[in-house]
Amino acid sequence: MVVAHGRREFLADALRSLEDQTLPKDQFEVIVVKDFDSPELAPDFERVRAEVVDLDPGPLGAWIDRVRHRLRGELVAFLDDDDTFAPDKLARAVEVFRSMEHGLYYHHGTRPWPGPRPDRTAPGHDPTAPAAPLRAVSPPEWRRTFRTLWRAGAAFNLSSIVVRRALLARFPEQLVRIEVSLSAFLFYAALAAEGTVLLEDRPLTSYRREEGFRRDGAPNPRSALRLSALAGSRGTDARVLRELIAPLSQPELEAPLRAAIAQASILRALETHVGSKREVAGALWRIVRDRPWGALAAERVVFCDALLFLLSVDLGCRAWERHRGLVAPPAFRSHRPDR
């Protein structure tokens, strides 16, 4: 399933990667869900025999719920509009699920686009090291090792996830309320279903980032504007996911969700000037405690401006406005003294 949410410039590349799959064309179907007109892409859709579904802009989870009844295959692989699959991606997914019949969710490694090396999705990951063998992580194991799995990127990047189609029908009430965090929903849904999670480092997806990558393949920090656009939806989604996993009575699983909610509250304070220093300090503590250091480094602009907020509400909010590009930096502002 190709998910094209408000972007078209890279969609042709994504479709070509489907055209190049080693899995025979009669063994997979392509469904494209999008929210824009794209007559220029008609030949690309035709070459992969895609079923194109045009939807109004809205929550990604509601999109998936709208089209899940059209799916006929046992497996569902997701492809973001700005990513591409390696030629053997779908063939490998089929092989994995055939060898692991009890598996419900499969996640593999990624490569930055462009670049020859797998992306380092977690601290300590060596991109030159041989890929680890496929792991089948059963419920007893993921209950013990959840923090390690999450920090290793087990829910990172929608285009690196394949699930059994039946999973999409397990939690429809929560699915329709997911705004942007579809990859996290799929991972948590597999856990809520007490499923076995299949993981391997083999890089079968190339993905783009708005901020790009460093020369060594590590991601550049997120921009304040991008974080501002995502934070509210991520916080809302985190509350839905906490509801989803509540029956498991596993507090450890809620740590990343608490961090997402905390970050949303910090950005709300920075953007509205509403919120006490005590609340922001508590939210900062939850983020530091519950998020991996790599994620903190990638989104450090939030951390730094929140610390300024603790010194002075006005200082923190003005710094955040500047980072979002809403005001000119100090060097370019009037030198007239404040009155």
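Higher on the page you've got the structure.
Since we're looking at a predicted model, the values are computed, not measured.

## Some remarks on helix H8 (residues 224-245)
Compared with an ideal rise of 1.5 Å per residue, which puts 22 residues at 32 Å, H8 spans 30 Å between its outermost C-alpha atoms and is within 8% of the ideal. Where H8 bends most, at Leu230, the angle is about 35°.

## Let's talk about the packing of aromatic side chains
Scanning the entire structure with this criterion turns up nine aromatic pairs. Judged by centre distance (6.0 Å) and plane angle (45°), the rings of Phe146 and Tyr188 are tilted. With Phe146 in helix H5 (residues 139-151) and Tyr188 in helix H7 (residues 182-192), the pair connects residues that are 42 residues apart, well separated along the chain. Accessibility assignment for this pair places Phe146 and Tyr188 in one class, buried.

## Some words on the sheet that holds strand E3 (residues 50-54)
Spatially, E3-E2-E1-E5 is the arrangement adopted by the four strands of the open sheet, whose pairing is parallel. One side of each edge strand has no neighbouring strand; the edge strands of this open sheet are E3 and strand E5 (79-80). One ladder, built from three bridges, connects strand E1 (residues 2-4) with strand E2 (residues 30-34); its direction is parallel. If you follow Val3 over to E2, its bridge partner there is Val33. In this fold helix H3 (residues 60-67) packs onto E1, E2 and E3, with an angle of close to 135° to the strand it touches most, E1.

## Here's the deal with the pairing of strand E7 (residues 103-112)
Counting buried positions along E7 yields nine of ten residues, so the element is predominantly enclosed. Direction of pairing for E7 relative to strand E10 (residues 196-207): parallel, over a ladder of eight bridges. Residue pairing for E10: Gly103 is matched across the bridge by Thr196. Alignment of E7 against strand E9 (residues 161-164), held across three bridges, turns out to be antiparallel. Bridge assignment links Tyr106 to a residue of E9, and that residue is Val162.

## Side note on the pattern of salt bridges
In total, this model carries 23 salt bridges according to the counting rule given. The salt bridge involving Arg68 is made with Asp65; its shortest N-O contact spans 2.7 Å. For the pair Arg68 and Asp65, a shared accessibility class is recorded, and that class is buried.

## Considerations on unusual backbone geometry
In this structure, Ser249 is a non-glycine residue whose phi angle is positive, near 50°. Within the secondary structure, Ser249 is located in the loop between H8 and helix H9 (255-272). Looking at Ser249, the relative accessible area reads 60%, which means it is exposed. Positive phi is not limited to glycine here, since His273 has a value of about 65°. When you line up the elements, His273 lands in the loop between H9 and helix H10 (277-290). What makes His273 partly exposed here is its relative accessible area of 39%.

## A closer look at the side chain of Asp305
Relative to the elements of secondary structure, Asp305 occurs in helix H12 (residues 300-311). Here Asp305 is buried and forms no salt bridge, its nearest opposite-charge partner Arg322 lying at an N-O distance of 6.1 Å.

## Regarding the packing of H9 against H12
Orientation of H9 relative to H12, taken along the N-to-C sense of each, is 55°, at an axis distance of 10 Å. It follows from the interaxial angle that H9 and H12 lie oblique. Note that H9 runs across H12; the crossing there is left-handed. Contacts between H9 and H12 involve Gln263, Ile266, Leu267, Ala269 and Leu270 from the first element and Val302, Asp305, Ala306 and Phe309 from the second. For the contact of H9 with H12, the per-class residue count stands at seven nonpolar, one polar and one charged.

Conventions used here
Residues numbered from 1 in each chain as written. Predicted model: local features only at pLDDT ≥ 70, side-chain atom pairs only at ≥ 80, totals over all residues. Heavy atoms only, no water. Helix = DSSP H or I, 4+ residues; strand = E, 2+ residues; numbered from the N terminus. Expected span 1.5 Å × (residues − 1). Bend = angle between axes of the 7 residues up to and from the residue. Phe/Tyr/Trp six-rings, centres within 6.5 Å; stacked < 30°, edge-to-face > 60°. Buried < 20%, exposed > 50% of the residue type's maximum accessible area, 1.4 Å probe, protein only. Pairing = 2+ DSSP bridges. Contact = heavy atoms within 4.5 Å. Axes fitted to C-alpha atoms, helices over the stretch in contact; angles between N-to-C directions. Salt bridge = Lys/Arg side-chain N within 4 Å of Asp/Glu carboxyl O. Lys, Arg positive; Asp, Glu negative; His and termini not counted. Parallel < 35°, antiparallel > 145°, perpendicular 65-115°, else oblique. Left-handed = near helix turned anticlockwise from the far one by under 90°. Nonpolar A, V, L, I, M, F, W, Y, C, P; charged D, E, K, R; others polar.

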